[in-house]
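Okay, here's what each chain looks like letter by letter:
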Amino acid sequence: MESIGVLMPYPTFPYLEHHLQSRFNLLRASTNYTTSIRAAVVNAVHGADANFIDALPMLEIVCIYGIGLDKIDLRKCAERGIRVTNTPDVITDETADVAMALIISLLRRLCQCDLYVRSGNWKRQGSFPLTTKFSGKTVGILGLGRIGKAVAKRAEAFNCKICYHSRTVKTECGSYKFYPSVVELASNCDILVVACSLTVETHYIINRDVMNALGPKGVLINVGRGKHVDEAELVSALIEGRLGGAGLDVFHDEPDVSQELFGLDNVVLLPHIGSATVETRTAMADLVLANLEAHFLAKPLVTPVL
Ligand SMILES: O=CC(=O)O
C-alpha cells in the first residue's frame, strides 16, 4: 500500500502521522498531487467541504479522525461514490467524562477554588464561599445517543434523576423520563447536557426560550457543537442572571470564544478537549488506519458512515 496517496491536510497526532507514513504515501498538502490522492484523513473540526472534495478527482475515501459529520459534505461524497468513515464508540467515555468534569467544576467552582489556594487567598481570607451540590440533581440530556447514554450512566452513579429529549423515545431507557420538547426538558431539569449531533434541525436548538426555561438556577453543559447554542443569547442570559451557569467544551467559532464569557464567574471554558487524551486519540488513530486498510484491501469498512 506504500504507493497509495493519502492526504492529511493539517497535522493531527504524531502516532497517526507516523503510521500513515509507514504504510501509505502520506501527502500533507494537496497542491500538485491531486491526481494521486485516493484517500483523505481529516478531523471533525475542519472536515471536508465541497471545494476540498472537488479538488481531488481520484478520491475514494474520507476517513474522519473524530465523529462529528457536520463539516463533511456527505451529499457530495454520496454523489461521487466516495466512502466515509468516522471513529465512533472509542470517544464515548472520554467525552462523557468531560461532561461530568464540567458539571462538577461549575457547581463546586473548582477552577476558582484552585485559584483561591494558589493566590494565597485561603490563608488571607479564610474559607472559600459555599457552592452547589451535584449529587441527587436532575440531569436533562439532549440527545440520548452513545455519549448521552454514557453521561446518563455516570450521572446515575451520582444519584441523579435522568430525563431526556431525543428524536425518538428510547424504549431501552425506560427509567429515564422523555420530554417531547427541549423547552419542557429544560423546565424540568437542573443541568442540561447537550450531547446530540449538529444537524439543520439542531442548529441553535439551545435558544433564548430554552435558556429561560432552564432558569437562574439551571446550568447548561455543551459537549456537542458550539452551533447548538445561540452564543450571543447565552452571553446575555448569563450576564442578566436568567441562566445560572454554563460549562462549555465547544464554541460557535472555535478557537474564537465570545470575550464576554471571559469575565464571567459562572462559566467553565474548555478548548474542545472531549476526546483529547493519548489513549482515546490512539484508539481513534487505530480506527482510521483499520478503515483505510480495509478499503484498500476491498474488505468491509470497520466504522462506515457512507
Ligand atoms: O468533536 C469531536 C468529534 O466530532 O470527534
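Residues numbered from 1 in each chain as written. Predicted model: local features only at pLDDT ≥ 70, side-chain atom pairs only at ≥ 80, totals over all residues. Heavy atoms only, no water.

A. Layout of the sheet that holds strand 6 (residues 138-142). Strands sit in the order 8-7-6-9-10-11-12 across an open sheet of seven strands; the sheet is parallel. The open sheet terminates on both sides in strands that have one partner only, identified here as strand 8 (177-178) and strand 12 (267-269). With four bridges connecting them, strand 6 and strand 9 (residues 191-194) associate as parallel partners. Across the sheet, residue V139 finds its bridge partner in strand 9, namely I191. In the packing of helix 4 (residues 92-108) onto the sheet, the strands contacted are strand 9, strand 10 (219-222), strand 11 (245-248) and strand 12, and the crossing angle to strand 10 comes to about 150°. (Pairing = 2+ DSSP bridges. Helix = DSSP H or I, 4+ residues; strand = E, 2+ residues; numbered from the N terminus. Contact = heavy atoms within 4.5 Å. Axes fitted to C-alpha atoms, helices over the stretch in contact; angles between N-to-C directions.)

B. Just the UniProt feature "domain: D-isomer specific 2-hydroxyacid dehydrogenase catalytic" (unreviewed entry) in the protein chain, in detail. Under the feature "domain: D-isomer specific 2-hydroxyacid dehydrogenase catalytic" (unreviewed entry), the UniProt entry names residues 37-303. Along residues 37-303 the backbone is 36% helical and 16% strand, and the end-to-end C-alpha distance reaches 21 Å. (UniProt positions renumbered as here; feature names shortened; annotations may be inferred.)

C. Representation of empty space enclosed by the protein. Applying the stated criterion across every chain, the model contains one cavity of 30 Å³ or more. Estimates place the volume of the largest cavity at around 40 Å³. N222, G226, V229, E231, L234, L248 and V250 are the residues that line the largest cavity. Among the residues forming the lining of the largest cavity, the class breakdown is four nonpolar, two polar and one charged. (1 Å grid on protein atoms, 1.4 Å probe; cavity = no way out; pocket = protein on both sides within 12 Å on 5 of 7 lines; lining within 4 Å. Points joined across faces, edges and corners; volume = space filled by probe spheres on them. Nonpolar A, V, L, I, M, F, W, Y, C, P; charged D, E, K, R; others polar.)

D. Focus on the site of the ligand. As a structural note, the neighbourhood of the ligand is formed by A44, G66, I67, G68, R225 and H272. H272 places a polar side-chain atom, nitrogen or oxygen, 2.7 Å from an oxygen atom of the ligand. When the free accessible area of the ligand is taken as 200 Å², the share hidden by the protein chains comes to 85%. For the shell around the ligand, the per-class residue count stands at two nonpolar, three polar and one charged. (Near = heavy atom within 4 Å. Polar contact = N/O pair within 3.5 Å; in protein donor to acceptor, adjacent residues only side chain to side chain. Areas by Shrake-Rupley, 256 points an atom, 1.4 Å probe, with all protein chains shown as cover.)

E. Molecular detail of the pattern of salt bridges. The final tally for this structure, using the stated rule, is 13 salt bridges. For the salt bridge of D70 with R225, the shortest nitrogen-to-oxygen distance reads 3.0 Å. Of this pair, D70 sits in the loop between strand 4 (61-65) and helix 3 (74-80) while R225 sits in the loop between strand 10 and helix 10 (231-239), placing them 155 residues apart in sequence. Given the relative accessible area of 16%, R225 is considered buried. For R154, the salt bridge is made with D93, and the minimal N-O distance between the two is 3.1 Å. Of the two residues, R154 sits in helix 7 (residues 146-157) while D93 sits in helix 4, which places them 61 residues apart along the sequence. With a relative accessible area of 19%, R154 lands in the buried category. On the accessibility criterion, D93 (47% relative accessible area) is partly exposed. Taken together, the shared-partner salt bridges connect D93, D97 and R154 into one network. (Salt bridge = Lys/Arg side-chain N within 4 Å of Asp/Glu carboxyl O. Buried < 20%, exposed > 50% of the residue type's maximum accessible area, 1.4 Å probe, protein only.)

F. How the structure looks around the confidence of the model for the protein chain. For the protein chain, mean pLDDT is 97; residues scoring 70 or higher make up 99% of the total. Interface confidence for the predicted complex, expressed as ipTM, amounts to 0.95; the pTM equals 0.96. (pLDDT = per-residue confidence, 0-100.)

G. Geometry of the packing of helix 4 against helix 7. The interhelical angle for the contact between helix 4 and helix 7, taken along N-to-C directions, is 50°, at an axis separation of 8 Å. Classified by the angle between their axes, helix 4 and helix 7 sit oblique to one another. Relative to helix 7, the crossing made by helix 4 is right-handed. Contacts between helix 4 and helix 7 involve T92, D93, T95, A96, D97, A99 and M100 from the first element and R146, I147, A150, V151, R154 and A155 from the second. Looking at side-chain class alone, the contact of helix 4 with helix 7 contains seven nonpolar, two polar and four charged residues. (Parallel < 35°, antiparallel > 145°, perpendicular 65-115°, else oblique. Left-handed = near helix turned anticlockwise from the far one by under 90°.)

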